[in-house]
Amino acid sequence: MSRRITRREFIKYGAAVLGSATLVNGALYSLLSQGTGIARAADEAFRTPIQFAPFMQARRIAPADDQEFRTPIRFTPFTQALPIPPVKQPGASFTHRCALPAVSGLSAPKFYTVQMKKATAEIIPGHPETVIWGYDGLYPGPMFRVNHNEPAIVRFVNGLTVNTIVHNHGGHNSSESDGSDSVFPSQVIPPNESRDFCYGNIAPINPATHQQEISDFASTQWYHDHMMDLTGQNVYMGLAGFYLLKDELEKGLIDGGTLPADSFDIPLVVQDRVFDQNAQLVFKPAGDEFNGWLGDVFVVNGKAQPYFNVQRRKYRFRILNGSNARWYELQLSSGQFLQIGNDSWLLPFAIPRTSIRLALAERADVIIDFRNAPNEVFLNNILEQKEGATPEGVTKPGTPLLKFIVSGSAVSNDVGVVSGTTLRPHTPIRPEEIVRTRRFVFAEDHHWVINDREFDPRRNDATPKSNTAERWILKNDGGDWSHPIHSHLEAHQIQKINGRAPPVYNSFKKDTTPLGPDDEAEVFIKFRTFTGRYVFHCHNLEHEDHAMMAAFEVVP
C-alpha cells in the first residue's frame, strides 16, 4: 500500500508541487462562495459544528488539524415529514437540437423543460432560509417517470451564475446527451442559456438480432450536474434528482401484484450537509480534495432526519447515496430489506439483506415489509466515517436517518414479492466474448492519476470497438483512499473482487463499483448501440473534480 499523504503534508507541500493550479482552485472556490448562497468559514478547515437533540450520538466528523467543528444549530430530529419529489410533467413540444437513437419501435417523444435556479428551502427544521440550487428550484429535483421506447427530450435552462451540464446517471444515451463537458463541451450550459438532451429510454441493441436487450433495460437512474471542477459544489447545492423507468416486464410485475404500485414506490436520496449559524450550506473543500467533503447533518430527500408515515404493508424504496464523499451502511431497527434492484437495474430475483452498504452514487432498490413491524422503525446508518477518504468500521446502533411511523392494521392481499421471487432475467457476458483486457490503476501522485497519467480530455485512454465486449481490471493503488468507479454508457458485470466472486447481489449489472484501499475488481463490459466519446471516473465528487477521470471512445 502506498503511504497516504497527511493533511498537514498536503497543505505544507501541496502548493509547491501544484504551483499555480492550487492557487487557481482555491481562488475558484472562494469566488464561487461569494454571492451564491454557499456559506464560507474564516478557517480553511471549517466543518459544520452541530449538536443534535435526541437519538444522536456525539460523532467526530472530518477533523481538521486536530480541531473539531460542528453545525451550530440545534434541532429535534423527526419533526419534518419526508417529502416525495413531484413527478415531472411533459409540456408543449419544441424544436430540439439533438438526435434520437436510430432504433425501431420508438413512440412520439415527450418534451420537458427544467429550470435550474436558486431558491430557499427548509432543510433544518425551523430554518426555511437555506439557499439551494435546484432543478425547477427543488431540492431534490423533480422525479421523472418515463416508459420504455418513449423518448424524453429535456431542455435544461440555466438560471444560475455558474456553468452546468446534466448527466443521466445509468442512462444508455448518445455521447451528445450523456452530459460530460470533458468530451462534449458544446453541451455545457452557461448562465442564461439552455441545452437539449435526448433520452431515448431504450435498452442496448443486440448486434446479432438488432433487437433491444430487454434484460438490460434500466429501472432506477438519477440525473445530476457533471460540470468538471464544479460537480461537487453543484450537486452539494442541490442539483440532483431521480429518473425512473418502466417497461412492460416491470409493469407486469406491478399490475400482477408482485411489486408495489407507484403510490407505494418511494425514492430516497441520502446525503450529508454542513451548515453555518445562518443555516446556509458550507462547502469549501479546496484544501482537502484528497479526501472529500463530509457533513454532519444527515438529509433525506432534502430534509434533515425526517419521518414518514407508512401503512402496515410492503413498500418499495429506491435508495440513492447522493453524498459527495460519505459512504453508508443502512440497517433497519426492526426487520430487514428485501433487495430487488442494484444501481440502475432490477435483479434477477429478490435477495434478503440485513444491511446494505452504499458507496457514492450506488443505489439499492428494496422492499420493506411493515405488516408486523412495531409502531416506529428507524433507517440507521451504522457505518463510521471520520474523513472523506474512506469509511471505517461498523458501529451499532448507528445514526438514525429516517423514522417510519407505522399505523393501521396489516393490509390483506399485499404484493407477493418474497425472497427468491423472479424479477428481470439476466444475460451474462461470456468469457469467450471478450476481445481485449485493459487495466486501470487509480492512484495519487500529488494529483489523482489513472495509470500514472493525469486526465486529459483530448486523450482517449481506451478505444473499444462497438458490439464487442472487454475485460477491465480496476485497481485501487491510492493508499488509504476508497474510489467508487462509475462508467458511462453501459453497465458492467463484476466477475471478481480481489480474486474472488462478488456477493450475489453484486453479480449482475452495476454502473458503479466500489474499490476500497488496495482492492481490485475484474469486470466485463459490452459496448452497444452508440459510438462516440464517454468517460469513467471516481464518484467521490471531490476526486472527480480533481480529475480522477479517463475518456474512452467507442469506435465503429
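Note: the structure precedes this text.
The shown structure was predicted, so the numbers you read here are calculated from the model rather than taken from an experiment.

What counts as what
- Residues numbered from 1 in each chain as written.
- Predicted model: local features only at pLDDT ≥ 70, side-chain atom pairs only at ≥ 80, totals over all residues.
- Heavy atoms only, no water.
- Salt bridge = Lys/Arg side-chain N within 4 Å of Asp/Glu carboxyl O.
- Helix = DSSP H or I, 4+ residues; strand = E, 2+ residues; numbered from the N terminus.
- Buried < 20%, exposed > 50% of the residue type's maximum accessible area, 1.4 Å probe, protein only.
- Pairing = 2+ DSSP bridges.
- Axes fitted to C-alpha atoms, helices over the stretch in contact; angles between N-to-C directions.

(A) Here's a closer look at the pattern of salt bridges. Overall, the coordinates contain 34 salt bridges when judged by the stated rule. Between D365 and R316 there is a salt bridge; the shortest N-O distance is 2.7 Å. A residue pair is termed long-range when its members are at least 10 positions apart, and D365 in strand β20 (residues 363-369) and R316 in strand β15 (residues 314-321) qualify at 49 residues. Residue D365 shares its accessibility class with R316, and that shared class is buried. Residues D461 and R459 are paired through a salt bridge, measuring 3.0 Å at the closest nitrogen-oxygen approach. Both residues of the pair, D461 and R459, belong to the buried class. Residues joined in a network through salt bridges with shared partners are R145, K246, E250, D262, D265, R316, R318 and D365.

(B) Main features of the sheet that holds strand β11 (residues 265-273). Ordered in space as β13-β12-β11-β15-β20-β17-β18, the seven strands form an open sheet in which the pairing is mixed. Each of the sheet's edge strands pairs with one partner strand only, and the pair in question is β13 (303-304) and β18 (345-353). For strand β17 (residues 337-342) and β18, the ladder comprises five bridges, and the chain directions are antiparallel. The residue bridging N342 from the neighbouring strand is W345, located in β18.

(C) Seen up close, the sheet that holds strand β19 (residues 356-358). One open sheet holds the five strands; their spatial order is β14-β22-β21-β16-β19, and the pairing between them is mixed. Each end of this open sheet is capped by a strand with a single partner; those strands are β14 (307-312) and β19. If you compare each strand with its neighbour and ignore which way they point, the axes differ by 30 degrees on average. Sheet analysis places strand β21 (residues 376-383) next to strand β22 (residues 394-410), joined by seven bridges and oriented antiparallel. Across the sheet, the residue bridging to N381 is T399, located in β22.

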